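Summary of structural features
What follows is the residue order along each chain.
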Amino acid sequence: MTSSFLRTVLLPTGIVASLLLVSCGGRQETACTQQYWDGTVGVCLPEGWTVVERERLDQMGVPEEVVAAFQTAQPVSGQFPNVTVTREALAQPVTGADYSKSAIRSVGTLPGYELIDSRPATVDGQEVTFHIYSAQPVTDQPRSRFYQVSAVSGSGAGFTATAFTPLTVTPALEQQVTAIVTSLTFTEPEAAKE
């Protein structure tokens with residue numbers, strides 16, 4: 001894992017922070033209403049979430065390593081939470097579990113890093129870690145909460161889904177960003193084939 005991982009994962013949080021998402025709804029289970037699939041990577045999007053087009057990301061200066069971004073229209077605590085999916089070319093083969101651990105070590109060096117939670121997750125059969133932490137990667141931005149899952153695709157590239165939210169989140173927002181990040185897949189879903 002290189003410093004490009006940090007640039008790839010954290011640069012979008014500063015740039016895309018002006019973009020993206022928020023949840024709505026109550027304590028019910030978060031349902032997938034739209035399946036995002038780009039031919040390589042996919043996630044499940046709850047109701048009200050939209051895909052940020054590549055053209056818009058390019059206009060904002062978001063690097064090509066960010067292969068997908070998602071948003072809703074409403075701010076939370078004055079911030080726009082967001083979700084990005086980044087891709088990293090790997091110099092050598094690595095397991096999903098090892099890539100996940102390496103991603104956690106990489107963000108552990110961020111200013112103000114503090115572990116909130118870490119639990120097992122599965123991405124297409126790979127045992128990885130769902131990592132929740134807080135940090136302040138951009139000095140002039142408030143401390144934020146991050147939800148992250150990293151795994152390796154069948155083609156050998158590393159992918160990381162990262163949600164960026166205010167430090168304090170509602171249960172509904174947490175459910176939605178958790179649903180998106182933990183739904184990372186490299187297998188075309190049936191819903192996307194239709």
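Residues numbered from 1 in each chain as written. Predicted model: local features only at pLDDT ≥ 70, side-chain atom pairs only at ≥ 80, totals over all residues. Heavy atoms only, no water.

Right, let's talk about the overall build of the chain for a bit. If you tally the helices and strands in the chain, you get 5 helices and 9 strands. Each helix (α) and strand (β) of the chain, taken in turn from the N terminus, gives the series α-β-β-β-α-β-β-α-β-β-β-β-α-α. Scored against the burial criterion, the 194 residues of the chain give a buried share of 49%. The contacts of the chain with a sequence gap of at least 6 include a subset with a gap of at least 24, amounting to 61%. Just so you have it, the chain exposes about 9,000 Å², and 50% of that area is on carbon and sulfur atoms. (Helix = DSSP H or I, 4+ residues; strand = E, 2+ residues; numbered from the N terminus. Buried < 20%, exposed > 50% of the residue type's maximum accessible area, 1.4 Å probe, protein only. Contact = heavy atoms within 4.5 Å. Areas by Shrake-Rupley, 256 points an atom, 1.4 Å probe, with all protein chains shown as cover.)

This part is about the pattern of salt bridges. Think of it this way: side chains of opposite charge can pair up when their charged atoms draw near. By the definition in use, this model includes 5 salt bridges. Across the pair arginine 143 and glutamate 114 runs a salt bridge whose closest N-O atoms are separated by 3.5 Å. Here glutamate 114 lies in strand E6 (residues 114-123) and arginine 143 lies in the loop between strand E7 (126-135) and strand E8 (144-152), a separation of 29 residues in the sequence. The closest approach of N and O atoms between arginine 145 and glutamate 174, which form a salt bridge, is 3.5 Å. With a gap of 29 residues between them, arginine 145 in strand E8 and glutamate 174 in helix H4 (residues 171-182) connect regions that are remote in the sequence. (Salt bridge = Lys/Arg side-chain N within 4 Å of Asp/Glu carboxyl O.)

Attention now moves to the state of the cysteines. Per the stated rule, a full pass over the model turns up 1 disulfide. Paired through a disulfide, cysteine 32 and cysteine 44 show a sulfur-sulfur distance of 2.2 Å. Of this pair, cysteine 32 sits in the loop between helix H1 (3-16) and strand E1 (34-37) while cysteine 44 sits in strand E2 (residues 42-45), and the two are 12 residues apart along the sequence. In this structure cysteine 32 comes out as partly exposed when scored by relative accessible area, which is 39%. (Disulfide = S-S within 2.5 Å.)

A few words on the packing of aromatic side chains. Tallied over the entire structure, the rule returns 6 aromatic pairs. Plain terms: the ring middles of tyrosine 36 and phenylalanine 70 are 5.1 Å apart, the flat faces sit at 75° to each other, and that makes the pair edge-to-face. Taken as a pair, tyrosine 36 in strand E1 and phenylalanine 70 in strand E4 (residues 66-71) lie far apart in primary sequence, 34 residues in all. Accessibility classification places tyrosine 36 together with phenylalanine 70 in one group, the buried group. Between the aromatic rings of tyrosine 113 and tyrosine 133, the centroid separation amounts to 5.5 Å while the plane-to-plane angle is 35°, which identifies the pairing as tilted. (Phe/Tyr/Trp six-rings, centres within 6.5 Å; stacked < 30°, edge-to-face > 60°.)

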